[in-house]
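Chains, contacts and geometry: an overview
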Amino acid sequence: MIAWNEIVALRNLTFIIVVWLAISAAVIAKNKMSFLFDLWPIVGLSLLFIVLSPLFAVVYLIQLVLRLWHPAQPTKKHFAFYHPYADAGGGGEKVLWHAVRAIFESDPRAEITLYWPGGVDHEAIMRLAERVNRQFAIAFSEEELQRFHLSRIYCVSWAEAHTYLRFTLLGQFLGSFFVGIACMFTFGPTHFVDTIGCPGMYPAVWLFSSARIIAYVHYPTVSIAMLSTIAARKERYNHAAFIASSRILSFLKYTYYAWLLKVYSHLGSYLHVAMANSSWTLAHMRDLWTRCDVVRVYPPCVDASSVQIGLPLEKKRNSKLLVSLAGFRPEKNHALQLEALAALRARYQSHCQCQVVFVGAVRGDRSGDLERVEALEQLCEEHNLSHARVDCRTEVCPVIPHNVTCLFWLNAARPHVLHLLESSSIGLHSMVDEHFGICLVEYMHAGCIPLAHNSGGPKEDIVQDGKNGFLAETVEEYADSMARLLSMSDHDMDEMRLNGKSKAFSFSNEHFERAFVHCLPDFKNKSEHFDLH
C-alpha cells in the first residue's frame with residue numbers, strides 16, 4: 001500500500017461527488033425542489049469528509065511512520081466483528097456465529113468483540129447467547145462467554161441504506177467510513193472481520209489501527225451486473241422507474257456507478273483476506289478485488305452429523321404445503337412467489353388447495369421489514385389469496401389453518417422452522433442473482449424440494465435442474481414448476497429428495513468452520529487441505 005493509492009482514491013471520490021451534483025441538478029429540475037429534503041444526509045457526509053480530509057492525511061502519515069518504525073506485536077489475538085444485526089436470524093448471522101465458534105474452538109486464548117448498537121453488559125451478552133442458541137443451535141460455554149465482549153456503536157445508521165433516500169451507495173460508503181472510525185476509537189483489535197458487507201470501513205480500520213482486515217463477502221456491493229441493468233434501462237428495486245425512463249438520467253447514473261465500481265475495487269486493496277460464499281460471488285470479486293487473495297468458502301448450512309443419506313424418507317409431509325424461507329427484504333422478491341401462486345391457482349384448478357408459509361426475520365423499526373410484510377399482505381388481497389400473520393416472538397406458532405392460503409411467520413424459532421421444513425413438500429426461492437442461497441440447502445437437508453430462481457449461486461452451486469430441484473425465472477415458469485412438483489409421484493419425489501440430501505452434505509457447518517479458520521491470517525493449518533478455489 002503506497003500513498004499514491006490514497007491520492008487516486010481521493011481523486012475518484014471527488015469525481016463521484018461532482019457527478020452526484022450533476023445528477024442532483026438534473027433530478028431536481030425534473031422533480032421540483034422537494035427532492036432536496038432527500039439529499040441532506042449525503043450532503044452532510046460529503047461536506048464532513050471534505051472538511052476532515054486534511055486530518056485524515058496527517059493521521060495517514062503518522063500511521064505510516066509508526067508502522068515502519070515500530071510494528072505492533074500483540075501477545076494474543078483479539079478479533080472484532082462488525083455486525084449490527086447480530087441478533088437477527090438470517091444467513092448472514094449464521095455465518096457470523098459459526099465463525100465466532102470456529103475461532104473460540106481453534107484458539108483457547110483468542111478474544112472476540114462484537115460491534116453493535118445494543119447493550120454491552122453481562123446480561124446483554126447472556127440474552128444474545130440465548131437467542132443465538134435458540135435460532136441456530138449454537139451454544140457457548142461460560143468460559144467462552146468470558147472471552148466474548150460487546151462494544152456499542154451509536155452511529156450504525158450512518159452505514160445503512162435507509163438513511164440515504166438518494167445516492168444510497170455513496171452515502172453508505174461515506175457513512176461506513178465514519179462508522180469504522182467510531183469502531184476503532186471504541187476498541188482496536190488485532191483482526192477486524194466484516195461479515196455484513198461494509199467496505200467503506202476498510203480504509204478507516206487501516207488508517208486508525210494496525211488490525212488485519214478480513215471480509216466474508218455475501219454479495220458484491222457494486223458489480224458489473226448493476227451497470228448492465230442501468231445500461232439496459234430496466235426498472236428494478238434499486239433502479240427507479242423515473243431514471244430508467246430517462247436517457248440523460250440513465251447516462252449520469254451509469255457514470256456514477258462506474259466510478260463507484262472503481263472505488264469499490266480500490267477498497268478491496270485494504271484486505272488481507274477475502275472469502276466469497278459461492279462460485280458466483282467468487283467470480284465477481286476476483287474481477288473487482290485484484291490486489292487481495294479471494295477464496296471461496298461455502299457458508300454453514302446444515303449439521304453434517306444430521307445428514308442421513310440413503311435412508312428411507314419416513315417423514316409425513318403435506319403434499320400441498322409450500323414454504324418460503326427468506327428475510328423480508330426487497331431483493332428477496334416475495335412478490336414473484338405470490339404472483340406465481342395466483343397464476344398456479346388460476347391455471348391449474350386441481351392445485352387450488354395448496355398453501356404457502358412465508359418465514360422470515362423482521363429487523364428493527366427503521367429497517368422497513370414490517371412495511372414490506374404489510375405490502376405483501378396487500379398483494380394477497382389483490383390476488384384474492386387469504387392470509388394471516390403470526391409474530392412468533394409473542395405467540396406460539398400455531399397449527400397451519402386449512403382456510404388460509406398464505407401464512408406469514410415472523411421471527412420464528414429454529415425448532416418451529418425445522419418442523420415446518422420437514423412437513424412441507426416444496427421450498428420456494430425467487431431472488432435474482434442470489435449470492436448463494438442457504439435456504440435452498442436447508443430445504444434439501446429437510447427433504448423439501450427447492451424451486452429456485454435460475455441465476456446466481458443457486459444455479460451455479462446448489463440446484464441441478466430436474467435432479468434435486470427445479471429452476472425458474474418468470475411467473476409462468478414458477479407456476480408450471482409448482483404444478484409439476486405437486487403432480488409428481490411419491491417415488492420420483494423421494495428420489496429427488498435423496499439427491500438433495502446428498503448435495504446438502506457438501507455445505508456443512510463443520511466444513512465452513514474448518515475452512516474459515518484455515519483462511520485467517522496466523523491461523524492456517526498447513527496439514528489440512530481445503531478446496532477453497
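Thresholds applied
Residues numbered from 1 in each chain as written. Predicted model: local features only at pLDDT ≥ 70, side-chain atom pairs only at ≥ 80, totals over all residues. Heavy atoms only, no water. Helix = DSSP H or I, 4+ residues; strand = E, 2+ residues; numbered from the N terminus. Buried < 20%, exposed > 50% of the residue type's maximum accessible area, 1.4 Å probe, protein only. Contact = heavy atoms within 4.5 Å. Areas by Shrake-Rupley, 256 points an atom, 1.4 Å probe, with all protein chains shown as cover. pLDDT = per-residue confidence, 0-100. Pairing = 2+ DSSP bridges. Axes fitted to C-alpha atoms, helices over the stretch in contact; angles between N-to-C directions. Core = buried A, V, L, I, M, F, W, Y, C linked by side-chain atoms within 4.5 Å. Phe/Tyr/Trp six-rings, centres within 6.5 Å; stacked < 30°, edge-to-face > 60°. Lys NZ or Arg CZ within 6 Å of the ring centre and 35° of its normal. Salt bridge = Lys/Arg side-chain N within 4 Å of Asp/Glu carboxyl O.

The subject of this paragraph is the overall build of the protein chain. Per the secondary structure count, the protein chain includes 19 helices and 14 strands. For the protein chain, buried positions account for 56% of its 533 residues. In the protein chain, the share of contacts with a sequence separation of at least 24, taken over all contacts with a separation of at least 6, comes to 70%. Of the accessible surface of the protein chain, which amounts to about 23500 Å², a share of 57% is contributed by carbon and sulfur atoms.

Another aspect to go through is the confidence of the model for the protein chain. Predicted confidence across the protein chain gives a mean pLDDT of 82, with 79% of residues reaching 70 or more. Of the regions scoring below 50 in pLDDT, residues 1-13 engages in 21 contacts with residues more than four places distant in sequence or in other chains.

What follows deals with the sheet that holds strand β4 (residues 191-194). Pairing in this open sheet of seven strands is parallel, and the strands run β3-β2-β1-β4-β5-β6-β7 from one edge to the other. Bordering the open sheet on either side are β3 (148-152) and β7 (294-296), each of which pairs with just one other strand. Across this sheet, the average inter-strand angle for adjacent strands is 20 degrees, counted without regard to direction. In the packing of helix α19 (residues 509-519) onto the sheet, the strands contacted are β4, β5 (212-217), β6 (273-276) and β7, and the crossing angle to β6 comes to about 155 degrees.

Right, let's get into the pairing of strand β11 (residues 406-410). Among the five residues that make up β11, five are buried, leaving the element largely enclosed by the rest of the structure. Of the strand pairs in this sheet, strand β9 (residues 355-360) and β11 are connected by five bridges, and their pairing is parallel. Across the sheet, residue Val 357 finds its bridge partner in β11, namely Leu 407. Pairing of strand β10 (residues 387-391) with β11, which is carried by five bridges, proceeds in the parallel orientation. Bridge pairing in β11 links Arg 389 to Phe 408.

Before going further, it helps to examine the nonpolar core. Side chains that are nonpolar tend, in soluble globular proteins, to be buried together. The biggest cluster of nonpolar side chains holds 47 residues, and the ones touching the most others in it are Tyr 82, Phe 192, Val 222 and Trp 289. Contributing elements (two or more residues each) for this core: β1 (78-82), α6 (168-186), α7 (201-208), β5, α8 (224-231), α10 (247-267), β6 and α11 (279-288). Residues contacting Phe 192, with those up to four places away along its chain left out, are Ala 80, Tyr 82, Tyr 115, Met 184, Met 201, Val 205, Ala 211, Arg 212, Ile 213 and Ile 214. Listed in part, the 37 residues of the second largest apolar core include Val 100, Ile 112, Ala 124 and Phe 148.

Turning our attention to the environment of Phe 187. Along the chain, Phe 187 falls in the loop between α6 and β4. Expressed as a C-alpha distance, the spacing of Phe 187 and Arg 152, which sit 35 residues apart in the sequence, is 9.9 Å. Those residues in contact with Phe 187, other than ones at most four positions away along the chain, are His 78, Thr 113 and Tyr 115.

Time to look at the packing of aromatic side chains. This structure, assessed with the given rule, holds 20 aromatic pairs. With centroids separated by 5.6 Å and ring planes inclined at 50 degrees, the aromatic side chains of Phe 185 and Phe 208 adopt a geometry described as tilted. Taken as a pair, Phe 185 in helix α6 and Phe 208 in helix α7 lie far apart in primary sequence, 23 residues in all. In textbook terms, an aromatic cluster arises when at least three aromatic residues are bridged by ring pairs, as seen for Trp 97, Phe 104, Phe 140 and Phe 148. Over the ring of Trp 259 we find Lys 262; its NZ or CZ atom is 4.7 Å from the centre of that ring.

The next subject is the pattern of salt bridges. In the structure shown here, the tally under the stated rule is nine salt bridges. A salt bridge links Glu 143 to Arg 147; its shortest N-O distance comes to 2.7 Å. Taking the relative accessible area as the measure of exposure, Glu 143 reaches 40% and is therefore partly exposed. In this structure, the salt-bridge partner of Asp 480 is Arg 347, at a minimum N-O distance of 3.1 Å. Of this pair, Asp 480 sits in helix α17 (residues 475-486) while Arg 347 sits in helix α12 (residues 334-347), placing them 133 residues apart in sequence. On the basis of relative accessibility, which here comes to 30%, the residue Asp 480 falls in the partly exposed class.

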